[in-house]
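Notes for the structure review
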Amino acid sequence: VKGKYVLFYSLAQWGNHWVSTVGYAVSDSPEGPFTPKGKVFDSREVNVENSIDQYFYEEDGKYYMLWGSFFGIYIMELDVTDDVMITPKLDTKRQIAGNAYEGINLWKRDGYYYLIGSIGSCCEGQKSTYTTVVARSKDLFGPYVDKQGGQMLDNKHEVILHKNDRFVGTGHNSTLVEDDEKNTWMLYHAFELERLDAQRQVLLDRILWDEDGWPYVD
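These numbers were taken from a predicted model, which means no experiment stands behind them.

Under the defined criterion, the tally for this structure stands at 1 disulfide. Between the sulfur atoms of Cys122 and its disulfide partner Cys123 the distance amounts to 1.9 Å. Its S-S torsion of about -90 degrees marks the bond between Cys122 and Cys123 as left-handed, since a negative value means left-handed.

Put into structure tokens, the structure is as follows:
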């Protein structure tokens, strides 16, 4: 961002959803050292409980933050100065998804914005219900809809990835990655049922796209 490497992070107090913050640090190198710059915003400033799981997005010279965890997903434009001081444009805040989601990120493909998130419980071992879901929009600020036109604001979505007989808790993916052959890949975490003592492991799956442009995993 502006020639610098920016490390965004969430700082929160477990069980107190009004004590949550998106902060950032800046470096000339991806290896650091990263200099802390304070917060982008906290939960009370933006009036959003559980203001964590931030996703930074840049397009056409403008900067945005998407964030939230089970109290609505929001998007807001950011002001970024040449020396990488980042402040929110509070008047641009808009809710784009309901209260079923967390761990969201964005991917743009063929004119659509795909809002990917996770639903369910992340961290209960074999009882984990985490599932990766998606809705899409022609506009960055929504509305994001499923195949039937149901809105993500109403907790409507399509499933990309769910548990199977080997892995459960499949979710909280990072941004998609495109390789040199234009294949799309997704990193996420899950529990392996035969190795629950390993806790959450990082998995990689290829994202496929159907004839209508919807992502799925085989």
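Attention now moves to unusual backbone geometry. With an omega dihedral of 5 degrees, the bond running from Gly32 to Pro33 counts as a cis peptide bond. Put simply, Gly142 and Pro143 share a cis peptide bond, and its omega is 5 degrees. With respect to the helices, strands and loops of the structure, Pro143 is situated in the loop between β11 (131–137) and β12 (158–161). At Asn50, a position not held by glycine, the phi torsion is positive, near 55 degrees.

The next subject is the nonpolar core. Counting residues in each nonpolar core, the largest one holds 21 residues, and the members touching the most others are Leu66, Tyr101, Leu106, Leu115, Leu140 and Tyr144. Ranked by the residues each element gives to this core, the list is headed by strand β10 (residues 112–119), at 3 residues. Beyond its immediate stretch of four places on either side in the chain, Leu115 contacts Leu66, Ile96, Ala97, Ile104, Asn105, Leu106, Val133, Val134, Ala135, Tyr144 and Met152. Counting 19 residues, the second-largest nonpolar core is a separate cluster that includes Val40, Met65, Met76 and Leu78.

Here the structure, examined in full by the defined rule, presents 11 aromatic pairs. Between Tyr57 and Tyr113, the ring centres sit 6.4 Å apart and the planes meet at 80 degrees, which makes this aromatic pair edge-to-face. You can see Tyr57 sitting in strand β4 (residues 55–59) and its partner Tyr113 sitting in strand β10, a full 56 residues away along the chain. Of the two residues examined, Tyr57 and Tyr113, each falls in the buried class. Among the aromatic residues, ring-to-ring pairing joins Phe8, Tyr24, Phe56 and Tyr63 into one connected group. The ring of Tyr112 carries Arg136 above its face, with NZ or CZ at 3.8 Å from the centroid. Note that Lys138 overlies the ring of Tyr112, its terminal NZ or CZ placed 4.2 Å from the centroid.

Conventions and cut-offs
- Numbering of residues begins from 1 in every chain and follows the order in which that chain's sequence is written.
- Two thresholds apply to this predicted model, a pLDDT of at least 70 for residue-level local features and 80 or more for giving and counting side-chain atom pairs, whereas whole-chain, interface and lining totals are computed over all residues.
- Calculated side-chain values reflect all of the structure's heavy atoms, with hydrogen atoms and water omitted.
- Two cysteine sulfur atoms form a disulfide, by the criterion used here, when they sit within 2.5 Å.
- Put simply, DSSP marks the helices as runs of H or I at least four residues long and the strands as runs of E at least two long, and each gets a number from the N terminus on.
- To define a nonpolar core, start from buried Ala, Val, Leu, Ile, Met, Phe, Trp, Tyr and Cys residues and group those joined through side-chain atoms within 4.5 Å.
- When a residue's accessible area, from a 1.4 Å probe over protein chains only, is under 20% of the maximum for its type it is buried; when over 50% it is exposed; and in between it is partly exposed.
- The contact definition used throughout considers only heavy atoms, calling two residues in contact when any of these lie within 4.5 Å.
- Working definition: a ring pair exists when centres of Phe, Tyr or Trp rings (six-membered ring for Trp) sit within 6.5 Å. Plane angles under 30 degrees give stacked, over 60 give edge-to-face, the rest tilted.
- Note on geometry: a ring has a charge over it if NZ (lysine) or CZ (arginine) is within 6 Å of the ring centre and within 35 degrees of the ring normal.

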